[in-house]
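What the coordinates show
Now for the letters of each chain:
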Amino acid sequence: MSFYDSIKTYADLHPKPSNIQFQYGTAGFRTLGALLESVLFRVGILAALRSKKLDGKTIGVMITASHNPEQDNGVKLVDPRGEMLEAAWESHATTFANAPSSEAFIEVVENLIKLAKIDIFKPARVVYARDTRPTGPTLVAAFEDGLKAIGADGRNEGVKTTPVLHYLVRCINSKGTDEEYGVDSEDGYMKKLSGAFRKLVAGKSPAGPLIVDCANGVGAPTAEVLSRYLGDLVPLKLVNTAITTEGALNNACGADYVKTSQRLPPSLSGILRATQRACSLDGDADRLIYYYMDERNQFHLLDGDKIAALVAAFIVELVKLAGLEDSIEVGVVQTAYANGASTKYLSERLPVKCVPTGVKHLHHAAEHYSIGVYFEANGHGTVLFSTTATAALIDHKPSTPAQQTALNHLINLMELINQTVGDALSDMLLVEVVLAHKSFSGIEWDALYSDLPNRLVKVVVKDRSIFKTEDAERRLVKPDNLQQKLDELVRKYDGGRSFVRPSGTEDVVRVYAEAILRPQADELAFKVAGLVYDFTGGDPMTRPREFL
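The sections below set out a description of the structure shown in this document. (Residues numbered from 1 in each chain as written. Predicted model: local features only at pLDDT ≥ 70, side-chain atom pairs only at ≥ 80, totals over all residues. Heavy atoms only, no water.)

Section: the pairing of strand β13 (residues 371-375)
Every other side chain in a regular strand lies on the same face of the sheet, so the side chains alternate between the two faces. Of all the five residues making up β13, five are buried; the element is thus mostly covered by neighbouring parts of the structure. Of the two faces of β13, both are covered, the one formed by Ile371, Val373 and Phe375 as well as the one formed by Gly372 and Tyr374. Pairing of β13 with strand β14 (residues 381-385), which is carried by five bridges, proceeds in the antiparallel orientation. By the bridge assignment for β14, Ile371 is matched with Phe385. In textbook terms, the turn of a hairpin is the stretch between consecutive antiparallel strands, and for β13 and β14 this stretch comprises five residues, one of which, Gly379, has a positive phi near 100°. (Buried < 20%, exposed > 50% of the residue type's maximum accessible area, 1.4 Å probe, protein only. Helix = DSSP H or I, 4+ residues; strand = E, 2+ residues; numbered from the N terminus. Pairing = 2+ DSSP bridges.)

Observations concerning the sheet that holds strand β1 (residues 29-32)
If you walk across this open sheet you meet the five strands as β1-β3-β2-β4-β5, and the pairing is mixed. Where the open sheet ends on each side, the last strands, each with one partner, are β1 and β5 (153-159). Between one strand axis and the next, the sheet turns by 15° as a mean value, whatever way the strands run. Across six bridges, the pairing between strand β2 (residues 58-63) and strand β4 (residues 125-130) is parallel. Each bridged residue has a counterpart across the sheet, and for Val61 the counterpart in β4 is Tyr128. In the packing of helix α6 (residues 162-174) onto the sheet, contacts are made with β2, β3 (72-78), β4 and β5, and the angle to β2 comes to roughly 175°. (Axes fitted to C-alpha atoms, helices over the stretch in contact; angles between N-to-C directions. Contact = heavy atoms within 4.5 Å.)

Quick notes on the pattern of salt bridges
As enumerated under the stated definition, the model contains 30 salt bridges in all. Across the salt bridge formed by Arg155 and Glu157, the nearest N and O atoms sit 2.9 Å from each other. Since its relative accessible area comes to 16%, Glu157 is described here as buried. Residues Asp187 and Lys191 are paired through a salt bridge, measuring 3.1 Å at the closest nitrogen-oxygen approach. Residue Asp187 and its partner Lys191 are both found in helix α7 (residues 186-200); the two are separated by four residues, about one turn of the helix. Classification of Lys191 as exposed rests on a relative accessible area of 51%. Several salt bridges converge on common partners, so that one network encompasses Arg155, Glu157, Lys160, Lys175 and Asp184. (Salt bridge = Lys/Arg side-chain N within 4 Å of Asp/Glu carboxyl O.)

Re the sheet that holds β13
Across a sheet, paired strands are connected by hydrogen bonds in the backbone, their directions being either parallel or antiparallel. Overall, mixed pairing links the four strands, which are arranged β12-β11-β13-β14 in an open sheet. Among the strands making up the open sheet, the edge pair consists of β12 (352-354) and β14. Taking each pair of neighbouring strands and ignoring which way they run, the sheet shows an average axis angle of 20°.

A word on the pairing of strand β19 (residues 508-514)
With seven of its seven residues buried, β19 lies for the most part within the structure. Side chains Val508, Arg510, Tyr512 and Glu514 of β19 all project onto a buried face; the interleaved residues Val509, Val511 and Ala513 project onto the opposite face, where all are buried too. In the sheet, strand β15 (residues 454-460) pairs with β19 via seven bridges, with the strands oriented antiparallel. Counterpart to Val459 in the pairing with β19 is Val509. In this sheet, β19 lies alongside strand β18 (residues 497-502) in antiparallel orientation, the contact comprising six bridges. Across the sheet, the residue bridging to Arg501 is Arg510, located in β19.

Focus: the packing of aromatic side chains
Across all of its chains, the model carries 14 aromatic pairs by this definition. For the pair Tyr24 and Phe29, a centre-to-centre distance of 5.1 Å together with 90° between the ring planes defines the contact as edge-to-face. Judged by relative accessible area, Tyr24 falls into the buried class, the value being 4%. On the basis of relative accessible area, Phe29 is assigned to the buried category, the value being 1%. An angle of 75° between the planes, with centres 6.0 Å apart, marks the rings of Tyr533 and Phe547 as edge-to-face. Here Tyr533 is found in helix α18 (residues 518-535), whereas its partner Phe547 is found in the segment after α18, with 14 residues between them in sequence. On the basis of relative accessible area, Tyr533 is assigned to the buried category, the value being 7%. Note on Phe547: relative accessible area 5%, which makes it buried. (Phe/Tyr/Trp six-rings, centres within 6.5 Å; stacked < 30°, edge-to-face > 60°.)

Some thoughts on the side chain of Asn418
Among the structural elements, Asn418 can be located in the loop between α14 (401-416) and α15 (424-438). Among the residues examined, Asn418 registers a relative accessible area of 3% and is labelled buried. Excluding its chain neighbours within four sequence positions, the residues that come into contact with Asn418 are Pro163, Tyr167, Tyr181, Tyr189, Thr382, Asp423 and Ser426.

Some thoughts on helix α3 (residues 87-98)
When α3 is considered as a whole, its buried residues turn out to be Trp89, Glu90, His92, Ala93, Thr94, Phe96, Ala97 and Asn98. In this structure, the buried residues of α3 make contact with β1, α2 (37-53), α4 (102-115) and α12 (359-366).

Notes on unusual backbone geometry
Look at the link from Lys478 to Pro479: it is a cis peptide, with omega at -10°. Residue placement: Pro479 occurs in the loop between β17 (475-478) and α17 (482-490). Despite not being glycine, Asn250 has its phi angle at roughly 60°, a positive value. Relative to the elements of secondary structure, Asn250 occurs in the loop between β7 (236-239) and α9 (255-261). Of note, Ser439 is a non-glycine position whose phi angle comes to about 55°, a positive value. For Ser439, the location among the structural elements is in the loop between α15 and α16 (442-446).

A word on the side chain of Ser174
By the element assignment, Ser174 lies in helix α6. Engagement of the side chain of Ser174 in a polar contact is seen with the backbone oxygen of Arg170, the distance being 2.8 Å. Apart from residues lying up to four places away in sequence, Ser174 is in contact with Glu179, Glu180 and Tyr181. (Polar contact = N/O pair within 3.5 Å; in protein donor to acceptor, adjacent residues only side chain to side chain.)

Dropping the structure here:
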C-alpha cells in the first residue's frame, strides 16, 4: 500500500463531523471530546510530519482540556525542546483539522509536504500522553491510527500531567548532548525535583503539612507519587483525588475554580484550619493557586501575581548574594491582567515587561532575560534560565562561603524548576522553598503588597473581530473613539485602570477594571461593560441589568 493509500484507508475510519470548524489556538484544539476523533487522527499525521521535518526529532502530543469541564477534551503538540508548537505550524494544524473529506485531507497533506519540503522517508518519532477524561482512550486510539497510517514510531506514556509530557520531550531530544535535561521517565522527573528540593530546604524547619487540591484530575496520581519521593520534607495532604468519579473533574475545585470564584473549594471547608496554607492544581496540573484562611475565617488568595512577586524577589536576592548582579539580569513578564499593585511592587525591584495574553508571548519575552520569571494571574508560569545565565552560574568562582551558598541555591533552583512549561507541582515546591528560606506563612507572603480590588466582566458582542488592541492589549485602537470614552471614565476613579480585549475563543470581550476601593472597582467594570455593549449596538432589551 502506498504512502497516501495508507493515510486514505485510515482517514475513512475517522470522518470529520460536518458543520464544525476547528481552530488550533494557544491551548491547541479544545472542544467537546465526542467531536474530536477526526482531529486526533489528523494530529497523528501532523506530529509525524513535524518530526520528519526536524530530522526525526521526537515531537510530543498531549491529549487534555486542562481546566475545562469533564465533557471537553483537546490536544496540543509539543516541539523538541519541550516548548509549544512553532507558531507557523498552528495554521497547518487548523487546515488539517478542517479538510471536509478524506480526499481533501490527502490534498492538504500533499501541500504541506511540498511547502515545507518534508522528506517522507525520514523517521518520525512521537511521544504522547493523556489526562484522566473519559473520552481519552477513544481519542488515543484515533491518534494511534494516525501514527500507524504514516508509519511513525509512537511511545505511549499513558496517563500523565501536561508538564511531565513536556519534560519527557525535552529529555528525549537532549539525551547525550551538552544540554541533557534529565532522565526521560516519570521516575527521572520525580528524582530531579525531589533531589533539588531536598538540597534547597536542608537545615530549614519543616513548615507542617500542605493541603493540595488535585481538581480530581491527573495531578492526583502524580502528586501521590511525588509525595512518596518527598517523604516528611513537606507532608502533602491530597484532596479532590477522585479521578474515576464521573463529573468530578474541575467541578467546584481546582485552580481555575478558586481563582475565578475567589473562594475555598467547598470540599476543603472543615479541613483547612486558620492560617494553614493550601494550594489548588488545575485539571492537567500546569496551573497553581495558593490560599489561606485568616483567624477571622476570611479567605485570602495567593495567585500567579503573588507567586511571581515571591519568587522573583527571592531570585534577585540570591543573585546579589552570589555576587552575580553584574552578569545576570533577572526580569519579570506579566500581562495586562496582572494586578496593578503587583506591577508596582515588582517594578521597584527589577525590570517588568507587559506582553499580550497567552503563554507563548510570556515564554518568548522571558527568554530575553538572563533569568526570566513569568506567571499569569491564573497561576500558569515558570522561570527560565538562559544559556548565558547557566554558564555564568557554572563558571562563577565565589569568594566567600555566603556567595558559595547562594550560588548552590541558584544551581539547585535550575534543577527544581520545570523550564519547559508552567508546572503546578514544580512551582509548588519552588514556593515551598522560598517560604522555608523566609520563614513565611501565607500571612507574611500576602503582606508583600495588597492587591487592588478588581473585577472581570464578560460582554457578549455580535462580532469580536471589530476590537483591535495595542500596547500589550491595554488600549483599544478599534472601534474608533471607544478608547477615548473609556479614558474619560477611568479618570473619575481613584487608582482606576481598565482595559477591554476580545476573547480568543468566543464572541465576547473581557473587561478588566481595578480601583483603590472595591465598590469603585465594581462600578468602573460595569460602567465600561455598559459602554462597550451600547457602543457596539447591543440590544437594549437584552442588556444585562448589572451594566451601568
